[in-house]
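Read off the chains here:
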Amino acid sequence: MRKTYEQAIYDLMGKNEKVVALVADSASGKYEDIEKDYPDRIFNFGIAENNMVAAGCALAKEGWIPVLYALNNFLVYRAYEFIRNDACLQKRNIKFVGLGCGVVANTLGPTHHTTEDIAALRVLPDLTLLSPASPKEIPVMLEKAVQYEGPVYIRLGKAFEKEIYEDKSPFEIGKANTIKIGTDITIFSTGSIIADALEAANKAQDSGISAEVINISTIKPLDADAILNSAQKTKNVLTVEEHNIIGGLGGAVAEVLCGKIDLKSFKIMGLHDTFCNDYGWHQDLKRMYKLSPEDIYDQIIKQIRGEKTIA
Amino acid sequence: MIDLYEKALDLRRKIIKTCYLGRGGHIPPSLSSIDIMNALYFGGILKYDSKNPNWENRDRFILSKGHAALGIYNVLCDAGFFKREDLYTFCKPGTIFGAHPTPSIPGIEAATGALGHGLSFGVGLALSAKMKKQKHLIYVITGDGECQEGSIWEAAMSISKFGLNNLIWIIDHNKWQATGKVSETMEIEPLDEKIKAFGLEPVVVDGHDYKQLIDALSVDRSNLPKKTRVIIANTHKGKGVPFIEDKREWHSKIPNNDEFKIIINELGLTEEEFQKL
């Protein structure tokens, strides 16, 4: 996702002269071309995210569209109060792009993971929170985020994400996107782990279970209609996220469903109120924390068992 | 030009009146910084149009120490940004005037009060002016205790790196913070040397002396200083009211009725005159 995003922001700066790139010692890759080709519209604030966020909000006030890019953990956790007070409270037209959500920072360890960012960010009034599933979702997401007037946060993955879209993503802010149609259970997921959910759903299909997979790439504002409609149809809901089970996508989906639909089953898969204290590749870590495609498949079976014969 | 000392006394009285009506806000930090704001708005320093608060060529003023809201509200009110009857809804249900300012108020650029934000906000405003080749200036007042926030020094580094000599940073150096003396809570001295070390130009003034203030705040717009000017304004918390001046317990205390009487008396008003303000 990193390379796709960097190309997308480079292209966007060529198309829109109001876009200003702000970085915090995070201008590698294609950003070096931005420094070369648009030197007047890129500012490196060094390792100082707080200052970057407040200064970015002032640029927004003056009519620029600042796009801030930093490691997700430093941006959301270090600069949280600045995002709250300077961006959200005052509805500044600023865009945040946090690199490396979930446990994709793999061997860098727990200080570099962001497994509570959805919880932290989705409670902020007036913030639009986006979470791309795969690289093809990024250029369209960035373009729509820049067209949208107001603070937007994009929680980006990093590398080696599986592509889930064949052509281009149908992404719209506030719209969930059905990746696979099904009738027995709905899996709501966000971020790159949706590819694992999709793998599990396809395996379940072979076992005679029809699982619907819905990409919640806008975590806020949540597409309540899509969630209600699918849950009404399947009555079995499973949410999958690379995030603490507290306050994340599962919680958000539960808030929508609560009191509205009589479900047969509901389960939130994620990190069980723990930091990811282990090391390994991204897929290794997900396996260690019971978030692999096999774990998701097992959970689907658990929820459907008793309801129908599993092949 | 108006007599700034006379205007300052008038503003101090109105600060007390506003607090008296709303029973909120912070009197002493408003009194320590009021002479700086008086000089900016009524001493011919700032370019502004109170009938068009968002005039593109206005100078931008940021009160980073938002707890001095009682001060900036009364200055903006007398400058014509809003009516006194509106300001006198201060801290009451339905008002836009709280103990810390927000941009709902005409003339306020940013919500401040959470310390360590305003100088960084000023950095963005100054960067934008440079990018657009605009000639207006950016004035930011921070507190001295506020300089304990790390973001202040992040901002200072970036002011220097980006060459933001269109920004003037004023430190209301009243030597006190919420719960005690700055020097005892967390020493920030030597402030001037720290500022120098960050590549900025400190100027130390008496923050209650209008000649010194006007000299320091005046910037030759056609020939901006090479290094960003940082005015360390030595002030007294609660200045003008001996009853509360330099007293620890008064940071955010609201006087009771007896204490208001003493304060009103010290500001040279009878109660009748005070009620008419």
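Summarised in this report is the structure supplied together with it.

1. Observations regarding the nonpolar core
Counting 179 residues, the largest nonpolar core has Ala21(A), Leu68(A), Ala197(A), Ile300(A), Leu40(B), Ile170(B) and Ile231(B) as the members making the most contacts within it. Sort the elements by how many residues they give to this core and helix α2 (residues 27–42) of chain B lands first, with nine residues. Per-domain counts for this core show at least three residues from each of domain 1 (2–156) and domain 2 (177–304) of chain A. Residue contacts for Ile170(B): discarding those within four places in its chain leaves Ile36(B), Tyr139(B), Val140(B), Ile141(B), Ile231(B) and Ala233(B).

2. A short note on the interface of chain A and chain B
At the junction of the two partners, chain A supplies 21 residues and chain B supplies 18 residues. Where the side of chain A that touches chain B is concerned, the elements lending two or more residues are α3 (49–61) and α5 (80–88) of chain A. No other element matches the eight residues that α3(A) contributes to the side of chain A that touches chain B. Grouping the amino acids of the side of chain A that touches chain B by side-chain chemistry returns 11 nonpolar, six polar and four charged.

3. Remarks on the packing of α3(A) against helix α5 (residues 118–131) of chain B
At a minimum axis distance of 7 Å, the contact between α3(A) and α5(B) shows a crossing angle of 50°. Between α3(A) and α5(B), the angle falls in the class oblique. Note on packing geometry: the crossing formed by α3(A) with α5(B) is right-handed. When α3(A) is examined against α5(B), the residues Asn50(A), Asn51(A), Ala54(A), Ala55(A), Gly56(A), Cys57(A), Ala58(A) and Leu59(A) are found in contact with a partner set consisting of Ser120(B), Phe121(B), Val123(B), Gly124(B), Leu125(B), Leu127(B) and Ser128(B). Looking at side-chain class alone, the contact of α3(A) with α5(B) contains nine nonpolar, six polar and no charged residues.

4. Let's talk about unusual backbone geometry
Residue Pro221(A) is bonded to the preceding Lys220(A) through a cis peptide linkage, with omega at 0°. For Pro221(A), the location among the structural elements is in the loop between β10 (218–220) and α9 (224–234). Looking along the chain, the bond that leaves Glu189(B) and enters Pro190(B) is cis, with omega of 0°. Even without glycine at this site, Lys133(B) takes up a positive phi of about 55°. Of note, Lys133(B) is situated in the loop between α5 and β2 (138–143).

Cut-offs and rules
Sequence order sets the numbering: in each chain, residues are counted from 1 along the sequence as written. To read the labels, note that chains go from A and ligands from 1, taken in the order they are written. Only residues with pLDDT of at least 70 are given local features in this predicted model, and only at 80 or more are side-chain atom pairs given and counted; all residues enter the totals for whole chains, interfaces and linings. A set of buried residues drawn from Ala, Val, Leu, Ile, Met, Phe, Trp, Tyr and Cys, joined through C-beta atoms within 7 Å, is what defines a nonpolar core. Any residue with 12 or fewer other C-beta atoms within 10 Å of its own C-beta is exposed, any with 20 or more is buried, and the rest are partly exposed; the C-beta atoms used are placed from the backbone. Labels follow the DSSP assignment, with helices taken as runs of H or I lasting at least four residues and strands as runs of E lasting at least two, numbered in each case from the N terminus. For the domain bounds, the source is a domain assignment made automatically or taken from a database. Contact criterion: two residues are in contact if their C-beta atoms, reconstructed from the backbone, are within 7 Å. Polarity classes work like this: nonpolar for Ala, Val, Leu, Ile, Met, Phe, Trp, Tyr, Cys and Pro, charged for Asp, Glu, Lys and Arg, and polar for all others, with Gly in that last group. Note on geometry: axes are C-alpha line fits, over the in-contact stretch for helices, and angles between N-to-C directions span 0 to 180 degrees. Convention used here: angles under 35 degrees read as roughly parallel, angles over 145 as roughly antiparallel, angles from 65 to 115 as roughly perpendicular, and any remaining angle as oblique. Crossings are classed by handedness, with left-handed meaning an anticlockwise turn of the near helix from the far one by less than a right angle and right-handed meaning a clockwise turn.

Nothing here speaks to function; it is geometry throughout.
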